[in-house]
Amino acid sequence: MSSSDIVSLDDNSIVINDLPNDTEAAIRYIKTLLPANLKDTFKYPPIVFIHQLYDIVHNKTLINKELDILKKQCKIQLLTIGTSDSSSALILYEDYVKYTIKIYPDNCCVKKFLNIILPSIKSFLVEKSTLQQKFKLQQYELTELINCGLLLIRNQESYWVSFPSSGNFIKRFIEGRKYIIQIIKRRKFQEILENDLEVRCAKVSKIKELGFKYFLHEIKGSEDIITMNTTSGCLLRIS
């Protein structure tokens, strides 16, 4: 390691390469928005949507560049939420492993998938031939990974990388997101102050399960709404 890789502060040395980039910092911030009970019960893994990052960092080019870096460093696992051939979400690799092992602590196929296969493919899509030829997976092992929710069938020749309980998570997320959008659409001029919206959502179970701010960052980042600063606070309007 060269001296240019170290920055000195008083008597302490900080390795710059170990510091999170802006995108990783945003990912870790989004994680903090999820209710504590989800983290404690492992009901869902801490999924982060790429649109959420767009609302925080405000530089799509930088985010995409830094996501590529994080992917090469095996710090994140990209995911597709639904059945799309584009990555719409991600999870920190450490969280993916922790969540999956908690659910399947003694499954040899799962451990092989987490420790050997995922770090090598670095993608959310994998060909069946790759799994069979490169990683020597037998059909029963593929079936096991599908049953555990780690692979979703894309077609006869390929799979999407997924996670346990992905169906329940996607359902809850879509329900909560739709609820918030409908509240705004039903308002006069299809706009509402952010504080008023938060109050409206405070006791709604489908919002509380993942957290209001968690949904709001994704909706803002997707540009389904536009925001304006007013003397009364942030105004949200359907775009």
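One structure accompanies this document, and this report is about it.

## Remarks on the packing of helix 1 (residues 22-33) against helix 3 (residues 50-57)
Where helix 1 contacts helix 3, the two axes come as close as 10 Å, and the packing angle between them is 115°. As summarised for this structure, helix 1 and helix 3 are arranged roughly perpendicular, according to the angle between their axes. The way helix 1 lies across helix 3 gives a crossing that is right-handed. Here Asp-22, Thr-23, Ala-26, Ile-27, Tyr-29 and Ile-30 of helix 1 come into contact with helix 3, specifically with Gln-52, Leu-53, Ile-56 and Val-57. In terms of residue class, the contact of helix 1 with helix 3 is built from 7 nonpolar, 2 polar and 1 charged.

## Details of the side chain of Asn-107
Checked against the element boundaries, Asn-107 lands in the loop between helix 5 (93-103) and helix 6 (108-121). Here Cys-109 takes part through its backbone nitrogen, which lies 3.0 Å from a polar atom of the side chain of Asn-107. Among residues more than four places away in sequence, those in contact with Asn-107 are Glu-144 and Cys-148.

## A look at the packing of aromatic side chains
Counted according to the given criterion, the structure contains 9 aromatic pairs. Consider the rings of Phe-169 and Phe-173, whose centres lie 6.4 Å apart with planes at 10°: the pair is stacked. One end of the pair, Phe-169, and the other, Phe-173, are both in helix 9 (residues 166-186), 4 residues apart, so they sit about a helical turn from each other. Here the two residues Phe-169 and Phe-173 agree in accessibility, since each one is buried. Members of the aromatic cluster, joined through ring pairs, are Tyr-44, Phe-49, Phe-163, Phe-169, Phe-173, Tyr-214 and Phe-215.

## What to know about the pairing of strand 10 (residues 225-230)
The pairing of strand 10 with strand 11 (residues 233-238) spans 6 bridges and is antiparallel. By the bridge assignment for strand 11, Ile-225 is matched with Ile-238. With antiparallel pairing between neighbouring strands as the criterion, strand 10 and strand 11 make up a hairpin whose turn holds 2 residues.

## A short note on helix 5
Along helix 5, the residues classified as buried are Tyr-93, Asp-95, Tyr-96, Tyr-99 and Thr-100. What you see down the axis of helix 5 is that its buried residues fit within an arc of 160°, all on one side. Among the exposed residues of helix 5, those pointing more than 90 degrees away from its buried face are Lys-98 and Lys-102. Of the surrounding elements, those touching the buried residues of helix 5 are helix 1, strand 4 (76-79), strand 5 (89-92), helix 6 and strand 8 (158-161).

## Some thoughts on the pattern of salt bridges
Evaluation of the coordinates by the stated rule reveals 15 salt bridges. The salt bridge involving Lys-71 is made with Asp-68; its shortest N-O contact spans 3.9 Å. Placement of the pair is Lys-71 and Asp-68 together in helix 4 (residues 60-72), with a separation of 3 residues, close to one helical turn. What makes Lys-71 partly exposed here is its relative accessible area of 25%. Overall, Asp-68 belongs to the partly exposed group, its relative accessible area being 39%.

The rules behind these values
- Residues numbered from 1 in each chain as written.
- Predicted model: local features only at pLDDT ≥ 70, side-chain atom pairs only at ≥ 80, totals over all residues.
- Heavy atoms only, no water.
- Axes fitted to C-alpha atoms, helices over the stretch in contact; angles between N-to-C directions.
- Helix = DSSP H or I, 4+ residues; strand = E, 2+ residues; numbered from the N terminus.
- Parallel < 35°, antiparallel > 145°, perpendicular 65-115°, else oblique.
- Left-handed = near helix turned anticlockwise from the far one by under 90°.
- Contact = heavy atoms within 4.5 Å.
- Nonpolar A, V, L, I, M, F, W, Y, C, P; charged D, E, K, R; others polar.
- Polar contact = N/O pair within 3.5 Å; in protein donor to acceptor, adjacent residues only side chain to side chain.
- Phe/Tyr/Trp six-rings, centres within 6.5 Å; stacked < 30°, edge-to-face > 60°.
- Buried < 20%, exposed > 50% of the residue type's maximum accessible area, 1.4 Å probe, protein only.
- Pairing = 2+ DSSP bridges.
- Arc of directions from axis to C-beta.
- Salt bridge = Lys/Arg side-chain N within 4 Å of Asp/Glu carboxyl O.

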